[in-house]
Amino acid sequence: MNQHLDITLTVNGDRVSRRVEARTHLVDFLRGDLGLMGSHVGCEHGVCGACTLRVDGDIVRGCLVLAVQLDGATVETIEGISDSGEIRDLQDAFIARNAAQCGFCTPGMLMTAADLLQHNKQPSRDEIREHISGNYCRCTGYHAIVDAVETVASARAGKV
Amino acid sequence: MDDIIDPRSIDRPNSYIGKSIPRPNTAKLVEGRGQYVDDIMLPRMAHVAFVRSPHAHARIDAIDVSEALKLPGVLRVFTAADLAKHVEPWVAVLVHMKGMKSAPQYPLPLTTATWMGEAIVAVVAESRAIAEDALGLVQIDYTPLTAVADMETALAPDTPVIHPDLGDNLTFERVNESGNVADAFKAAHKVVEATFHTGRHTGVTLEPRSILADYNRASGRLTVHHSTQAPHMIQGVFAKHLRMAEGDVRVICTDVGGSFGIKVHVYPDEVAVAAIAKLMARPVKFIADRLESFSSDIHARDHRITARMAVDAEGRILAIDADDLTGIGPYSVYPRTSAVEGNQVVNLLGGPYDFPHYRAKTTVVLQNKAPTCQYRAVGHPIATTVTEGLVDLAAEALGMDPIAFRLKNLMKDDSYPRTSPAGMRFEGLSHEKSLGRLMEMIDYPGLRGKQALGRANGQHLGIGFAAFIELTNPSPFMYGIGGARISAQDGCTVRIDPDGSVVAATGVTEQGQGTEAIIRQIVAEAMGVPIDTVRVLTGDTQTTPYGGGTWACRGAGIGGEAALQAGLATKEAALKVAAAMLQAAPDTLDLVNGNIVTKATGEVRMPLAELGRIVYFRGDTLPPDLPRELMQTRHFITKQFPFAFTNGIQASWLDVDTDTGMVKLLGHWVVEDCGRIINPLLVDEQVRGGVVQGIGGALYEHCTYSPEGQLLIGSMADYLVPMAAEMPDIHVGHVETPTKESLLGAKGAGEAGTAGAPAA
């Protein structure tokens with residue numbers, strides 16, 4: 001339980017080396033060791049999706065992955081993909097459509113929405129609802145989020 | 001109050017009220033750059049974890065903490081006895097609710113655990129993980145006692161009394177009666193009757209309860225970062241129960257990750273954290289995990305209501321007679337009390353309808369389950385579900401269409417002001433107009449046609465309606481009159497800075513609904529400045545005017561009016577200075593788009609920044625006796641009505657699988673009259689979010705207990721909240737009947753969706 005291991009990984013483009021307790025979850029490592037507070041802890045059971053982030057290009061639950069599993073991995077958090085501008089259009093659509101209220105689910109929701117649009121350029125409303133069903137939001141009732149994602153998908157399709 | 005103006009009728013720049021303007025706060029939230037309590041790290045910060053009772057009801061015989069203290073990284077372990085001498089206990093009753101009783105409560109219970117999940121021992125360690133490691137090393141000897149689990153038998157003679165000093169398990173009862181119900185039922189053409197059960201559920205804020213308390217022994221000041229809806233109330237509570245002066249307690253709430261009423265109460269474990277911080281004189285953090293949230297956040301809506309309705313041969317409602325029984329857990333929750341929900345039920349039953357005879361009784365009992373208290377739309381979903389259930393049964397018994405029956409019985413739009421059979425005073429509602437608007441939005445004959453067609457093919461499509469009223473903008477008659485130190489008044493301070501920008505500090509708080517956004521709109525319009533030059537401060541007892549915070553939809557109605565008046569006063573103060581500088585009469589000048597202008601012509605005379613520069617840096621150039629008060633505070637409290645009421649109607653279109661009982665939602669429509677709408681974008685999303693929370697309560701969410709009082713849910717995989725795939729699109733329409741109590745006319749919009757959706 002108290003065993004410590006050394007890991008080196010890339011987080012938002014920066015190389016990071018740390019000695020971590022074997023039991024530390026990725027999201028606790030990011031928040032506690034690196035001060036990246038954008039990934040939120042909502043349930044610690046892999047259900048709510050608030051800690052969704054990206055490891056080697058795929059979205060994962062930060063509360064179901066151990067930091068020590070990620071030696072050599074590339075991790076991207078909401079802070080990283082905000083700074084890179086990758087999801088600026090999604091973020092602008094969330095702001096314009098009021099698709100975030102308390103904001104606690106929002107980083108994870110955006111991670112999942114970005115993942116959907118990477119794999120499905122023109123999702124239907126039902127497909128959007130299905131894809132974000134692993135991300136709980138207690139404030140919006142989801143309608144505005146679906147609107148925002150749909151708007152961005154259409155805009156991106158128009159640009160191509 | 002005859003000179004009401006429609007703020008939107010002012011045809012000029014800076015007319016922001018009524019416009020769909022995105023929230024300024026969202027920009028940081030979408031980048032994960034908000035600041036919730038758990039994001040704050042302080043030097044020497046310690047973490048608390050609680051040993052919680054595994055029993056619903058048990059005597060605590062002995063506690064041994066010696067092994068826990070040996071674990072490296074554990075700093076202190078506190079038992080009930082350790083904290084009790086430093087904390088004044090509380091009893092959650094309101095004196096205006098006659099006969100109400102509850103037992104004294106301490107941060108940790110002294111002798112008896114009374115619900116599964118109650119905090120018994122606090123472990124403080126260098127990290128949360130170490131604190132949790134130590135929980136298993138605390139040895140507690142319990143003698144299990146018979147649990148009072150079933151509210152139906154809570155008052156039976158052979159049921160144990162949870163707090164022997166109270167004499168029985170009854171917290172409160174009240175009969176609300178008018179007219180002659182007995183005669184009305186005798187004379188009725190038809191009587192319909194039903195028993196309704198509303199499942200116990202909880203708020204599931206995605207950010208769990210969070211508190212970080214820090215005590216500076218040298219200055220004697222306690223600073224509390226808290227995820228709360230009511231910072232000033234919490235300041236007062238911590239001061240009183242930790243025996244400090246209110247001025248020595250500062251409560252700060254930055255971003256709050258959902259509240260819904262869950263975060264407006266005093267939780268014993270949070271008082272323990274504040275007390276521990278004071279005793280240890282260092283920062284102490286407690287963040288509830290999800291299991292702790294389910295077992296120790298307040299629950300709500302555990303009711304059984306038996307109700308009947310009498311109607312005459314013409315289809316008019318004659319009478320409603322209802323008996324409500326509700327179990328609230330082992331303690332009434334401080335300081336709002338847990339009798340309010342039942343009290344609301346007997347105040348709100350039959351609310352939208354015009355009928356002469358009424359009797360409703362609520363019986364509020366104690367039980368060994370998690371305490372219940374006010375959750376979004378307190379009591380409303382229960383009252384609406386019962387009322388609309390009876391309305392549909394009555395329409396069916398009479399062979400009338402449910403819409404025709406409602407139209408016949410809804411209060412007429414021209415009949416206000418009036419008082420309901422339950423004694424509620426209505427200033428002005430719009431049930432008829434709202435129903436008319438709903439009929440424009442849905443194709444009612446078309447849906448009935450589809451329903452008939454489906455039935456012929458074995459498909460069970462349903463369309464349900466729910467008219468509702470919702471109580472907002474409470475006056476001191478809600479809590480203050482009962483002795484609770486909860487402000488019904490709120491204030492706003494508006495200040496012009498040297499660069500001409502404006503800062504507004506308000507006592508109402510932001511939990512994502514858009515409080516800061518609407519205050520910004522209101523102040524910018526009242527002042528006549530560009531909206532992006534206004535910054536809003538909330539959630540800090542040290543820097544905002546004293547107020548009640550945000551609950552019961554009072555942000556817009558109370559906080560909004562204070563902001564409007566403070567903005568107008570600050571503008572007037574600025575024009576006085578400008579008049580002296582420009583050697584003009586103040587009433588010939590105006591403030592438009594951040595510039596002082598000649599009112600008659602619109603000619604720009606100088607920017608507000610120039611006025612700021614002169615006042616702050618060259619005050620020597622102004623007449624010596626000229627007041628230059630570029631900061632004004634105004635407060636607002638409702639005076640004419642104890643509460644404002646909003647109203648509306650909802651419709652739900654769904655498909656029931658009669659083999660599995662699964663319900664597929666196909667569409668949902670809401671018409672709401674929340675008075676003056678300050679921001680339609682935000683109001684619509686409040687309504688939609690509220691509807692989904694209401695649907696969750698009706699179809700998915702349930703805090704289940706075993707007959708022994710064991711909570712059977714442990715994670716979000718057991719307690720289902722609505723997910724995106726199972727929710728329908730929600731269509732929102734509006735009618736606007738502003739309140740005349742304020743210039744702004746806003747009533748509040750946060751709870752209406754939840755009030756009506758379960759019933760529809």
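Structural data are supplied above this passage.
A brief look at the structure comes next. (Residues numbered from 1 in each chain as written. Chains lettered and ligands numbered in written order. Predicted model: local features only at pLDDT ≥ 70, side-chain atom pairs only at ≥ 80, totals over all residues.)

Within chain B, the secondary structure is distributed over 18 helices and 30 strands. Here chain B has a C-alpha radius of gyration of 27 Å; the compact-globule value for 760 residues is 27 Å, and the two agree. The buried share among the 760 residues of chain B stands at 57%. Put simply, 80% of the contacts in chain B that link residues at least 6 apart link residues at least 24 apart. (Helix = DSSP H or I, 4+ residues; strand = E, 2+ residues; numbered from the N terminus. Rg over C-alpha atoms; globule rule 2.2 N^0.38 Å. Buried ≥ 20, exposed ≤ 12 C-beta atoms within 10 Å, placed from the backbone. Contact = placed C-beta atoms within 7 Å.)

This part is about the packing of helix α10 (residues 380-398) of chain B against helix α11 (residues 402-409) of chain B. All names here are of chain B. Where α10 contacts α11, the axes come no closer than 9 Å and their chain directions differ by 110 degrees. As far as their axial angle goes, α11 and α10 are roughly perpendicular. α11 is crossed by α10, and the crossing has right-handed handedness. For the pair α10 and α11, the contacting residues are Val391, Asp392, Ala394, Ala395 and Leu398 in the first and Pro402, Phe405 and Arg406 in the second. (Axes fitted to C-alpha atoms, helices over the stretch in contact; angles between N-to-C directions. Parallel < 35°, antiparallel > 145°, perpendicular 65-115°, else oblique. Left-handed = near helix turned anticlockwise from the far one by under 90°.)

Right, let's get into the interface of chain B and chain A. Counting residues at the interface gives 42 residues for chain B, matched by 40 residues for chain A. Of all the secondary-structure elements, those providing two or more residues to the side of chain B that touches chain A are α1 (26-29) and α17 (680-699) of chain B. Counting residues per element, the side of chain B that touches chain A draws most heavily on α17 of chain B, at seven residues.

With that settled, the discussion passes to the pairing of strand β3 (residues 52-55) of chain A. Residues and elements named next belong to chain A. Inspection of the sheet shows β3 paired to strand β4 (residues 58-61) by four bridges, in the antiparallel sense. Bridging from a neighbouring strand, Arg54 pairs with Ile59 of β4. Connecting the antiparallel pair β3 and β4 is a turn made up of two residues, with Asp56 showing a positive phi of about 50 degrees. Judged from the two bridges that link them, β3 and strand β5 (residues 74-76) form a sheet pairing that is antiparallel. Within β5, the residue paired with Val55 across the bridge is Val75. (Pairing = 2+ DSSP bridges.)

To continue, consider the pairing of strand β1 (residues 46-52) of chain B. All names here are of chain B. Burial analysis of β1 places six of its seven residues in the buried class, which makes it a mostly covered element. Across two bridges, β1 lies against strand β13 (residues 284-287) in parallel orientation. Within β13, the residue paired with Ala46 across the bridge is Val284. Taken together, the six bridges between β1 and strand β5 (residues 119-125) define a ladder with antiparallel strand orientation. Bridge pairing in β5 places His47 opposite Ala125.

Residues and elements named next belong to chain B. Ordered by their spatial adjacency, three strands build an open sheet running β4-β2-β6, and the pairing between neighbours is antiparallel. If you trace the sheet from one side to the other, it starts and ends with β4 (112-113) and β6 (139-144), each paired once. Direction of pairing for strand β2 (residues 58-64) relative to β6: antiparallel, over a ladder of six bridges. Across the sheet, residue Asp64 finds its bridge partner in β6, namely Gln139.

All names here are of chain B. A cis amide bond links Tyr334 with the next residue in sequence, Pro335, at an omega value of -10 degrees. Mapped onto the fold, Pro335 is located in the loop between β16 (317-327) and α9 (340-348). Between Tyr416 and Pro417 the backbone carries a cis peptide bond, its omega angle lying at 0 degrees. Structurally, the position occupied by Pro417 is in the loop between α11 and β18 (418-419). With phi around 65 degrees, Arg44 is a residue other than glycine that occupies positive phi space. Position of Arg44 relative to the elements: it lies in the loop between α1 and β1. A residue is classified by how many C-beta atoms lie within 10 Å of it, and Arg44, with 11 of them, is exposed.

The subject of this paragraph is the sheet that holds β16 of chain B. Residues and elements named next belong to chain B. Across the sheet, five strands lie side by side as β7-β17-β16-β15-β8; this open sheet has mixed pairing. Each edge of the sheet is formed by a strand with only one pairing partner; in this case those strands are β7 (170-178) and β8 (190-198). Taken over all neighbouring pairs, the strand axes of this sheet differ in orientation by 5 degrees on average, direction set aside. By the bridge criterion, eight bridges tie β7 to strand β17 (residues 357-365) in an arrangement that is antiparallel. Residue pairing across strands places Phe172 opposite Val364, the latter belonging to β17. Its contacts with the sheet place α10 against β8, β15 (303-311) and β16, and it is angled at close to 145 degrees to β8.

Residues and elements named next belong to chain B. The end-to-end C-alpha distance of α10 is 27 Å, a good match for the 27 Å that 19 residues give at a rise of 1.5 Å each. Burial analysis of α10 places 15 of its 19 residues in the buried class, the great majority of the element. Downstream of α10 by one or two residues, Gly399 has phi in the positive range, about 70 degrees. (Expected span 1.5 Å × (residues − 1).)

Here we come to the packing of helix α3 (residues 88-96) of chain A against helix α4 (residues 106-119) of chain A. All names here are of chain A. The contact between α3 and α4 brings their axes to 10 Å, and the two run at 125 degrees. When the axes of α3 and α4 are compared, the pair comes out oblique. In terms of crossing hand, the pair formed by α3 and α4 is right-handed. For the pair formed by α3 and α4, the contact residues are Leu90, Gln91 and Phe94 on the first element and Thr106, Leu110, Ala113 and Ala114 on the second.

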